[in-house]
Every structure is written in structure tokens, then in C-alpha cells.
Amino acid sequence: GVEEIKPTLGRPGNNLKMGIVGLPNVGKSSLFNILCKMSIPAENFPFCTIDPNLSRCAVPDERYDWLCKLFKPASEVPAFLHITDIAGLVKGASEGAGLGNNFLSHIQAVDGIFHMVRAFDNADVIHVEDSVDPIRDLDIIHTELIAKDLEWLTKTHDAFIKALRGKPKDKAAQEHDACLLKALALLKDGKHVRAGDWTNKDIEILNELHLLTAKPGVYLVNLTDEDYIRKKNKWLAKIKAWVDAHGGGPIIPVSVSFEQAMVALESPEERANFEKEKGATSALPKIIKQGYHYLNLINYFTCGADEVRAWTIQKGTKGPGAAGVIHTDFEAGFIMAEVMAYNDFKEQGSEAACKAAGKFRQEGKQYDVQDGDIMHFRFNAGAGLAGGKKK
């Protein structure tokens, strides 16, 4: 059977963003530049990224590449992950140090966090705390995010209690109160809100609050070329132990200097040779994919001679919701979806062969769209819509 999709912390949607967070000069903006192939200044100076720079990167996907080769469409549109580069956090940001409050409101606007730490020594790149210690850096970020959430949640809870004064406390109010108190207790205990065990009702309440510590985190460890290629660094085991003790999450070693050298090469052939020569491959595809899937995002495809396109939806989206990503009229007038699983389509080689093999399905409004589905929607054409079918 299909696994039941449990609600998760975070806002639902298909236009979600990851933010790259870390202390100044750990390599955030340099990585961001490479990820997005766009050049924002990344001078060696704290706070040179005050405006959160937003960009989007294509999500690497072999299935999409294969479909493009097969259909040779006039237009190719991959799935994108939106990434924000957030100005360097410093100790005391929750009290307004550095660009403190600015920085924290920028984190509030993203849905997941790439925590970047530095595990390389380089006298030319100053460290804001004067020495390289990724565990101390993680502790600073952890403490600042908790302090901000504690301040915000305390205010929220006080206002909630104030509004209840003199009124009977019904069941919903009791649940709301218990949920806020449980979150406050976790934060006071030095834990992130996402480490709690929450009911569906709690999740609804918490999602309204956009807490910083409720956001999923992926940890990026910036190494020297040499350490990255040999896959060894004295800090990696300590970082893993720290992450495991603080709610867990994927850890991805990356070398910004390795990636910079690679991105400077013009052709895919040169890049492939560079990887072969160095005996290591780029970490970027893994970083983008992890960010995308960690936000609970999946994609389905629409294919034809005009266009092959990957559409982003959240796991657990039903047929009409998936159709609505293309156009709201498709959702409103949804009749059914014609679906082939990517693996079936690849194995059979065509729509006709899928039909002959019984691998072409018609699904209704309750269908949970699966990652990699190839879909056509049938809908009642509304005002201004000519046809009744979208491939």
C-alpha cells in the first residue's frame, strides 16, 4: 500500500526556499555564486551580503534528462530549488549584534536551512571568531536561533494568555496552550522545536509561528581541496556527533575552492576530465537534491514535442492540486489524470506500449501523485481555456 503522508513542520507549498546560513567568511556567498552561476560580491569582509540574494538552481534529475533526449522538445523546463544567501550571523545576533535582527527575519522567510561551517585553515580568510572551530560555530548558530525563538514564542504565549483572560478555556484553547508550553520547554532545554514529537494539531499551530528552529537543516562542511579529495578531515566525526546530538540531519562535505576551479571550466567534457584527474566529483548535485527532497518536494512530468517540464509539488499532493500548479483552472475543472510511472514508461518506451502492457492508468481526485509520474490532465475547460487536455 501507499505510505500515509504525515503532516510535517513547515508551510505547505511548491515554491519553497532554502537559505544558506553560517558565520561570516565560511564560504556561503562563494558557494551561493557557484550554485546559481550568478555573481554577487563575495569579498572577504563580514556582512557583504545584507540583502538576502535569492536565486534558483535547476535540480539535477536523470529522469528529466532522459525524457528530454527522448522527446527532443522545443522547450525544456527542469525543476528548480530556490536558494537564498543570508548575511553572516554573529554571536549576539538575537540581541541585534552585527546585522542581527535583519539576519533572523531573513531566516524566517525560508523553509529550510543549509548550515554551512568552515573546517579549513587559511590565513588569508579571516574568521570572525579568530580561529577555526566548526563545533563552536555550530553552537553559536544553534544558540542564536533558540534565543530568537524563545523571545518570539514567549511574546506569543503571553499575548495568547492575555486574550483568554476572563474567558472559559475550551478544548481548542487548552490544546493551543499545551502546544506552546511544550515548545517553550524544549527551547529552554536548549533543543530545537523540530526535535519534538508533535501531533497533527500541534503541527498546524506551530506552522503558523514560522519558528526558526522548526526548519529542517542540511549541514555543509567546507573543506580544503585536499581534504575533500581524500575525504578526510579531523572535524568530520566531531561534526557528525554534534549533529546527531542536536536533532540529526544530512551532512555533506564540500570544497568551495574545488567547486570554483570546476565551475570556471567551460565545457561538460572539461569538467568530467577535471573530476577524473582529481579523483573526486562535485558535491553540488547532491546539495541541491538534498535541499529539494528535504523540503518534502517531489516532481511530476508533462511531456510532448512542445515541452518536457518537471513540475514541483509537495509529497502527498492529490491529483487536482498537482494540476493546479500548471493552472488554477485545471484544478477547478479537474476530471481525471492519465498517469504512467516513469520506470514503466522508460521500460516500455512509449505511451502506446504502456497502454498495451496495462501500465497506463486513469486516476481520480483522491490520487496521491508519486515522484516521477508522467501525467496528462483532463478537465472541464473554464472561461478562456480552449482545450480539455494538457499533456
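For the structure, see preceding data.
Note that the coordinates shown come from a computational prediction; the quantities given were computed from them, not determined experimentally.

Undergrad: How do you make sense of unusual backbone geometry when you look at a structure like this?
TA: Backbone phi values are negative for most residues with the exception of glycine, while trans is the configuration of most peptide bonds. The phi torsion at asparagine 25 lies on the positive side, around 65°, for a residue other than glycine. Within the secondary structure layout, asparagine 25 lies in the loop between strand S1 (17–21) and helix H1 (28–36). For asparagine 25, a relative accessible area of 15% corresponds to the buried category. In the Ramachandran plot, lysine 72 falls in the positive-phi region, its phi being about 40° despite a non-glycine side chain. Here lysine 72 shows up in the loop between helix H2 (62–71) and strand S3 (75–77).

Undergrad: When you look at the nonpolar core in this model, what are you seeing that I'm missing?
TA: The nonpolar side chains of soluble globular proteins are, as a tendency, buried together. Among the nonpolar cores identified, the biggest contains 61 residues, and Leu31, Leu35, Leu81, Phe114 and Leu220 are the most heavily contacted of them. At five residues, H1 tops the list of elements feeding residues into this core. Of all hydrophobic cores here, the second largest spans 20 residues; its members include Ala183, Leu186, Ile205 and Leu209.

Undergrad: What is the right way to look at the packing of aromatic side chains in this model?
TA: Following the criterion strictly, the structure yields nine aromatic pairs and no others. Seen in terms of ring centroids, phenylalanine 71 and phenylalanine 345 are 6.1 Å apart; in terms of plane orientation they differ by 5°. Their pairing is stacked. In this pair, phenylalanine 71 is assigned in helix H2 and phenylalanine 345 in helix H14 (residues 342–348), connecting sequence segments 274 residues apart. Judged by relative accessible area, phenylalanine 71 falls into the partly exposed class, the value being 27%. Measuring from centroid to centroid gives 5.7 Å for tyrosine 300 and phenylalanine 377, while their planes differ by 85°, and the two rings are edge-to-face. Note that tyrosine 300 is positioned in strand S8 (residues 297–302) and phenylalanine 377 in strand S12 (residues 374–379), a separation of 77 residues in sequence. Exposure remark for phenylalanine 377: the relative accessible area of 1% places this residue in the buried category. Above the face of the phenylalanine 120 ring, arginine 118 is positioned so that its terminal group lies 4.4 Å from the ring centre.

Undergrad: Is there a simple way to explain the packing of helix H4 (residues 134–164) against helix H8 (residues 236–245) in this structure?
TA: What describes two packed helices is the angle between their axes and the distance between those same axes. Contact geometry for H4 and H8: axes closest at 10 Å, N-to-C directions at 25°. In terms of orientation, H4 and H8 fall into the roughly parallel class. Our pair here, H4 against H8, has a crossing hand that is right-handed. Of the residues in H8, those touching H4 at Pro134, Ile135, Leu138, Asp139 and His142 are Lys238, Ile239 and Trp242. A breakdown of the residues in the contact of H4 with H8 according to their chemical character gives five nonpolar, one polar and two charged.

Undergrad: Can you help me understand helix H9 (residues 256–263) in this one?
TA: Each turn of an α-helix holds 3.6 residues, which means side chains three or four residues apart point in the same direction. Regarding H9, the residues found buried are Val256, Phe258, Glu259 and Met262. Seen from one end, H9 has its buried residues packed into an arc of 155°, which puts them on one side.

Undergrad: So what exactly am I meant to see when it comes to the sheet that holds strand S2 (residues 53–58) here?
TA: Sheet strands pair by backbone hydrogen bonding; their relative direction is either parallel or antiparallel. In space, the six strands of this open sheet follow the order S2-S4-S1-S5-S6-S7, with mixed pairing throughout. Here the strands that pair on one side only, and so sit at the sheet edges, are S2 and strand S7 (251–254). When strand polarity is set aside, the average angle formed by the axes of neighbouring strands in this sheet is 25°. Contacts between H8 and the sheet are confined to strand S5 (112–118), strand S6 (217–222) and S7, with S6 contributing the most and set at about 165° to the helix.

Calculation notes
Residues numbered from 1 in each chain as written. Predicted model: local features only at pLDDT ≥ 70, side-chain atom pairs only at ≥ 80, totals over all residues. Heavy atoms only, no water. Helix = DSSP H or I, 4+ residues; strand = E, 2+ residues; numbered from the N terminus. Buried < 20%, exposed > 50% of the residue type's maximum accessible area, 1.4 Å probe, protein only. Core = buried A, V, L, I, M, F, W, Y, C linked by side-chain atoms within 4.5 Å. Phe/Tyr/Trp six-rings, centres within 6.5 Å; stacked < 30°, edge-to-face > 60°. Lys NZ or Arg CZ within 6 Å of the ring centre and 35° of its normal. Axes fitted to C-alpha atoms, helices over the stretch in contact; angles between N-to-C directions. Parallel < 35°, antiparallel > 145°, perpendicular 65-115°, else oblique. Left-handed = near helix turned anticlockwise from the far one by under 90°. Contact = heavy atoms within 4.5 Å. Nonpolar A, V, L, I, M, F, W, Y, C, P; charged D, E, K, R; others polar. Arc of directions from axis to C-beta. Pairing = 2+ DSSP bridges.

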